[in-house]
Amino acid sequence: MVATPAPTAWPYRVHVADEREGRNLSVTLPTEFFVIVTKDAGPVIQWNLSLGRIASAGAAFAQQYPDVYNDQRDRWLPWLPNPEFQTFVGFHSFRVTADIRAEYHAELLRIEEFRGLPSRMACLYAWSSLEDARLAKRTIRGRFSGKIIRCTPAGILRAVRCNSALVNFAQRAERRGFLTDADTIRRLWRTYWSGSGEPLRLERQNLVDPAGPPETVTMSQEPLWEWLIDGSLKVEGDAEPSA
């Protein structure tokens with residue numbers, strides 16, 4: 001993780017992280033970003049867009065609690081495990097909570113090992129090229145469905161480039177019950193937060209036919225880079241012509 005100064009009116013540190021071959025290197029913050037405005041964007045988001053500026057929840061927190069933010073003590077865990085939950089789990093419950101478990105584990109490791117990076121629970125999601133934003137819309141249907149706007153940095157507090165293909169991989173692994181031990185979970189999210197493009201693969205004994213081939217969950221070989229941003233972006237306009 002590398003602290004990189006940037007020209008900004010915000011009186012906070014800027015953290016930019018990337019990883020190649022297991023080494024953290026500084027990366028240049030893009031001069032423009034592409035953001036997908038999801039179809040379920042609420043009135044607050046729509047109002048901010050009308051003003052020509054969008055900001056992360058982390059940025060709002062930093063203004064209200066600058067000492068906590070600068071000391072990297074901000075935590076964004078909206079869920080806590082229930083140790084008294086000792087009943088059977090239905091398929092729907094397991095599927096619904098799979099995404100929650102994935103995000104919980106992601107934030108927990110960020111707090112423990114990558115506190116200088118923006119939380120997935122409080123950041124803006126952006127891409128450094130229109131092609132990457134379009135790929136995200138095609139690849140991650142449902143999570144990113146909407147129009148694409150072009151933005152420029154207006155005050156970045158923290159930023160990190162991560163491989164969003166790993167998020168999809170973690171959610172699928174959770175749904176299929178592959179993430180049952182702490183070491184595997186930590187390795188997975190450590191790979192994500194370090195900015196690695198390493199494709200992961202999980203394997204276990206076939207639960208239906210123990211003598212059969214092992215069960216596996218594989219990750220896309222090609223990374224899908226997304227930027228997690230704490231701060232503010234200026235909206236420059238739609239990135240694509242209206243249909």
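Residues numbered from 1 in each chain as written. Predicted model: local features only at pLDDT ≥ 70, side-chain atom pairs only at ≥ 80, totals over all residues. Heavy atoms only, no water.

The next thing to look at is the overall build of the protein chain. For the protein chain, the count of helices and strands is 7 helices and 10 strands. Relative to its 243 residues, the protein chain shows a buried fraction of 43%. Counting only contacts in the protein chain whose residues sit at least 6 apart along the sequence, the fraction spanning at least 24 positions is 78%. When the accessible surface of the protein chain is split by element, carbon and sulfur atoms take 53% of a total near 13300 Å². (Helix = DSSP H or I, 4+ residues; strand = E, 2+ residues; numbered from the N terminus. Buried < 20%, exposed > 50% of the residue type's maximum accessible area, 1.4 Å probe, protein only. Contact = heavy atoms within 4.5 Å. Areas by Shrake-Rupley, 256 points an atom, 1.4 Å probe, with all protein chains shown as cover.)

Attention now moves to the confidence of the model for the protein chain. Detailed reading of the predicted coordinates is not advisable wherever pLDDT falls low. When pLDDT is averaged along the protein chain, the result is 84, and 86% of the positions lie at 70 or above. Across residues 1-25, where pLDDT falls below 50, the model places 67 contacts with residues more than four positions away in sequence or in other chains. (pLDDT = per-residue confidence, 0-100.)

By the criterion of burial, strand β10 (residues 225-238) is predominantly enclosed, with 10 of the 14 residues buried. Across 3 bridges, the pairing between strand β5 (residues 53-55) and β10 is antiparallel. Residue Arg53 lies in a different strand from β10, and its bridge partner there is Lys234. Here strand β6 (residues 124-126) runs beside β10; their pairing, made up of 3 bridges, is antiparallel. (Pairing = 2+ DSSP bridges.)

Let us look at the environment of Ala159. Looking at the element boundaries, Ala159 is found in strand β7 (residues 146-163). With a relative accessible area of 0%, Ala159 lands in the buried category. Separated by 42 residues in sequence, Ala159 and Leu117 have C-alpha atoms that sit 6.6 Å apart.

Of all 6 residues making up strand β4 (residues 33-38), 5 are buried, and the element is well covered by its neighbours. Taken together, the 6 bridges between β4 and β7 define a ladder with antiparallel strand orientation. Bridge pairing in β7 places Val37 opposite Lys147.

Let us now look at the side chain of Ser196. Topologically, Ser196 is positioned in the loop between α7 (182-193) and β8 (201-204). Residue classification places Ser196 among the buried residues on the basis of a relative accessible area of 6%. A polar contact is formed between the side chain of Ser196 and the backbone nitrogen of Glu198, at a distance of 3.0 Å. (Polar contact = N/O pair within 3.5 Å; in protein donor to acceptor, adjacent residues only side chain to side chain.)

Formed by 36 residues in total, the largest nonpolar core has its most connected members in Leu166, Phe169, Leu188, Trp189, Tyr192, Trp193 and Leu228. Put simply, the parts of the chain that give this core at least two residues each are β4, α4 (91-113), α5 (130-139), β7, α6 (165-175) and α7. At 6 residues, α6 tops the list of elements feeding residues into this core. Residues within four places of Tyr192 in sequence aside, it is in contact with Arg120, Cys162, Asn163, Leu166, Val167, Glu226 and Leu228. In terms of nonpolar packing, the next biggest core, distinct from the first, is built from 16 residues, Val35, Ile54, Ile149 and Ile229 among them. (Core = buried A, V, L, I, M, F, W, Y, C linked by side-chain atoms within 4.5 Å.)

Turning our eyes to something else, we now look at the packing of α6 against α7. Where α6 contacts α7, the two axes come as close as 10 Å, and the packing angle between them is 165 degrees. Here α7 runs roughly antiparallel to α6, going by the angle between their axes. Between α6 and α7 lies a crossing of left-handed hand. Where α6 approaches α7, its residues Leu166, Val167, Phe169 and Ala170 are matched on the opposing element by Leu188, Trp189, Thr191 and Tyr192. The residue inventory of the contact of α6 with α7, partitioned by class, reads 7 nonpolar, 1 polar and no charged. (Axes fitted to C-alpha atoms, helices over the stretch in contact; angles between N-to-C directions. Parallel < 35°, antiparallel > 145°, perpendicular 65-115°, else oblique. Left-handed = near helix turned anticlockwise from the far one by under 90°. Nonpolar A, V, L, I, M, F, W, Y, C, P; charged D, E, K, R; others polar.)

Moving on, we get to the pattern of salt bridges. Evaluated as defined, the whole model comprises 17 salt bridges. Among the ionic pairs, Arg158 bridges to Asp74, the shortest N-O distance being 3.0 Å. Of the two residues, Arg158 sits in strand β7 while Asp74 sits in the loop between α3 (66-70) and α4, which places them 84 residues apart along the sequence. Assigned by exposure class, Arg158 and Asp74 land together as buried. (Salt bridge = Lys/Arg side-chain N within 4 Å of Asp/Glu carboxyl O.)

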